[in-house]
Amino acid sequence: MLDIARQRCFNHPAREAVARCPECRRFFCRECVTDHEGRAICASCLARLAAATGERRRPLARAARLIQVVSAVAVVWAFFYLMGRGLLTIPAAFHEGTLWKASYWEEQ
Ligand SMILES: [Zn+2]
Ligand SMILES: [Zn+2]
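Residues numbered from 1 in each chain as written. Chains lettered and ligands numbered in written order. Predicted model: local features only at pLDDT ≥ 70, side-chain atom pairs only at ≥ 80, totals over all residues.

Asker: Looking at this model, I keep getting lost on the overall build of the chain. Mind explaining?
Answerer: Secondary structure summary: the chain contains three helices and four strands in total. With 108 residues in all, the chain has 10% of them scored as buried. The long-range share in the chain, meaning contacts at least 24 apart out of those at least 6 apart in sequence, stands at 2%. (Helix = DSSP H or I, 4+ residues; strand = E, 2+ residues; numbered from the N terminus. Buried ≥ 20, exposed ≤ 12 C-beta atoms within 10 Å, placed from the backbone. Contact = placed C-beta atoms within 7 Å.)

This is how it looks when you write it as structure tokens:
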């Protein structure tokens, strides 16, 4: 195991290192590391990770938005389609107000 007390910051050779970046394996002083998801990561690796996740997220977000739009259109289309079908399948007796009477007499 490396003795961290004898290590110097990668950016500041005069300063003692307090943390080792798990990404680039270089030593850094307290000022040069940032807490990122529970890990002490150096500024350059943090920028690299942020850029990588940003690039990975963008097409996904676009796809998610597209899926949302498509599903919204599908839901609206299905709603009107089923409503149109529903209106066609409702018996004419319903509109004439005799459906209730007809079923009432059938049950007797
Ligand atoms: Zn790093
Ligand atoms: Zn430093």
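Asker: So what exactly am I meant to see when it comes to unusual backbone geometry here?
Answerer: Glycine aside, the phi torsion of most residues is negative, and most peptide linkages are trans. Backbone geometry at R25 places phi at a positive 65 degrees, although glycine is not the residue there. Mapped onto the elements of the fold, R25 is located in the loop between strand 1 (19-20) and strand 2 (27-28). You can call R25 exposed: it has 9 C-beta atoms within 10 Å. In the Ramachandran plot, E37 falls in the positive-phi region, its phi being about 50 degrees despite a non-glycine side chain.

Asker: Looking at this model, I keep getting lost on the pairing of strand 4 (residues 39-42). Mind explaining?
Answerer: Two faces, one strand: in a regular strand the side chains alternate between the faces of the sheet. Where strand 3 (residues 33-36) and strand 4 come together, four bridges link them in antiparallel fashion. Opposite V33, over in strand 4, you have C42 as the bridge partner. Hairpin connection, strand 3 to strand 4: the antiparallel pair is bridged by two residues, and E37 has positive phi, about 50 degrees. (Pairing = 2+ DSSP bridges.)

Asker: I would appreciate a short explanation of the environment of R26 in the present structure.
Answerer: Looking at the element boundaries, R26 is found in the loop between strand 1 and strand 2. The partly exposed category is assigned to R26, around which 17 C-beta atoms lie within 10 Å. In sequence terms R26 and C9 are 17 residues apart; their C-alpha atoms lie 8.0 Å from each other. Aside from chain neighbours lying at most four places away, what touches R26 is F10, C21 and C42.

Asker: Help me out: how do you make sense of the confidence of the model for the chain in this one?
Answerer: Where the model shows low pLDDT, its predicted coordinates should not be examined in detail. Chain-level statistics for the chain give a pLDDT mean of 83 and a share of 76% at 70 or above. Summarising per-element confidence for the chain, the mean pLDDT is lowest in helix 3 (residues 99-107) (57) and highest in strand 2 (95). (pLDDT = per-residue confidence, 0-100.)

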